[in-house]
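Listed below, chain by chain, are the residues.
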Amino acid sequence: FMTPIAVNDCFGWLHTPVDGRRRDVAVLVCPGLLGDELVAYCGLRVLADELARAGYWALQLEYPGTGDSCDQPVERSATHWTAWLESIGATADWLKSVSGARRLLLCGMRAGAMLATVAASRREDVDGLLLFEPTVSGRSYIRELTLDAELHGGRVLPAGGGIEVGEFNFSAETIARIAETDLRRTVTRSIRKVAVFSRAETRLVDECLE
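This is a predicted model, so every value here is computed, not measured.

*Asks:* Help me understand the side chain of T174, please; the structure alone is not making it clear to me.
*Replies:* As for its position among the elements, T174 is in helix 6 (residues 172–179). Those residues in contact with T174 that lie beyond four places of it in its chain are T79, H80 and W81.

*Asks:* Help me understand the pattern of salt bridges in this model?
*Replies:* For side chains of opposite charge, pairing can occur when their charged atoms come near one another. Tallied over the full model, the rule gives 15 salt bridges. For D24, the salt bridge goes to R102, with nearest N and O atoms at 2.9 Å. Placement of the pair is D24 in the loop between strand 2 (10–15) and strand 3 (25–30) and R102 in the loop between helix 3 (80–99) and strand 5 (103–109), with a sequence separation of 78 residues. On the basis of relative accessible area, D24 is assigned to the partly exposed category, the value being 35%.

*Asks:* Explanation requested: the nonpolar core in the structure shown.
*Replies:* Generally speaking, soluble globular proteins have nonpolar side chains that are buried together. If you look at the biggest cluster of nonpolar residues, it comprises 47 residues, and the most contacted ones within it are L28 and F170. It is helix 4 (residues 111–121) that provides the largest number of residues to this core, a total of eight residues. With sequence-adjacent residues up to four places away left out, L28 is seen in contact with L59, L61, I88, T91, A92, L95, L105, L106 and C107. By size, the runner-up hydrophobic cluster in this structure holds 10 residues, among which are A40, L51, C107 and L130.

*Asks:* Is there a simple way to think about the environment of S69 in this case?
*Replies:* With respect to the helices and strands, S69 occurs in the loop between strand 4 (58–61) and helix 2 (72–77). With a relative accessible area of 8%, S69 lands in the buried category. Dropping the residues within four chain positions of it, S69 is found in contact with D9, C10, F11, E62, Y63 and P64.

*Asks:* What's the story with the environment of S137 in this structure? I'm lost.
*Replies:* Secondary-structure assignment places S137 in the loop between strand 6 (126–132) and helix 5 (138–153). A C-alpha to C-alpha distance of 19 Å links S137 and G161, two positions 24 residues apart in sequence. Ignoring any residue separated from it by four or fewer positions in sequence, one finds S137 in contact with M114, T181, D182, R184 and L204. At 3.2 Å, the side chain of S137 and the backbone nitrogen of S140 are in polar contact.

Definitions and cut-offs
Residues numbered from 1 in each chain as written. Predicted model: local features only at pLDDT ≥ 70, side-chain atom pairs only at ≥ 80, totals over all residues. Heavy atoms only, no water. Helix = DSSP H or I, 4+ residues; strand = E, 2+ residues; numbered from the N terminus. Contact = heavy atoms within 4.5 Å. Salt bridge = Lys/Arg side-chain N within 4 Å of Asp/Glu carboxyl O. Buried < 20%, exposed > 50% of the residue type's maximum accessible area, 1.4 Å probe, protein only. Core = buried A, V, L, I, M, F, W, Y, C linked by side-chain atoms within 4.5 Å. Polar contact = N/O pair within 3.5 Å; in protein donor to acceptor, adjacent residues only side chain to side chain.

Dropping the structure here:
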C-alpha cells in the first residue's frame, strides 16, 4: 500500500508491507535534487514498492521546498541544507514510530546520498546505508550546479553568491553549507553495512569507501 503523508510540512509516500509485518528495520528514501530527483523518481518508487513487498516499511521523502513539500521549514531553518537535514531526522523518527522498527536504513541518490550519510552520522539508530551514485564532495557538486546555471543563464556567476538553477534558488548560505560537506570526512558511528552503486569507479568514491 502507498499512502501520502506529511511530517512537519514535508510531503512523502509511505509504502506499507501488504501483510502488515513489523520488521526491526525501516527504510527512508532520500531523493536527489533538481533533475536527479525527476530522473530517478520512478526508479526509487519501484525500489520502495519492492521493499514493501519484502516486508519492510519504506518512506519516500520530498525535502522542504521541493516536490509537494512547502517552504516553511526552510524559513525556520535559514538554509535549505539545514532544513533538508532536519526533515530527514524528523521523518526518520516518525517512520520508526509508525512502523515499530528500532533501526533504520537510509537510501540516497546523488545529493540525497550525501544528505543521507550526513544525517546518519548524527544518529545512533542507522543500521546501514544504500547509496546510488553518491555525491562525495560538496565543492564538486557546487561546481556542477554553477556550470549548469551558467550554461542556462548565458553568463558567468560571481563567486560567493547564490545559484539559480531552473526555478530553484540556492542561497549563498546554502551553497556554503553544501561546499563544506565531504563524505570522506564524515564519521558514521553506528552503521554496520554500506552498499554503494556507481556506474564508474572514481577516486572520490574510492576514497570515501576507505
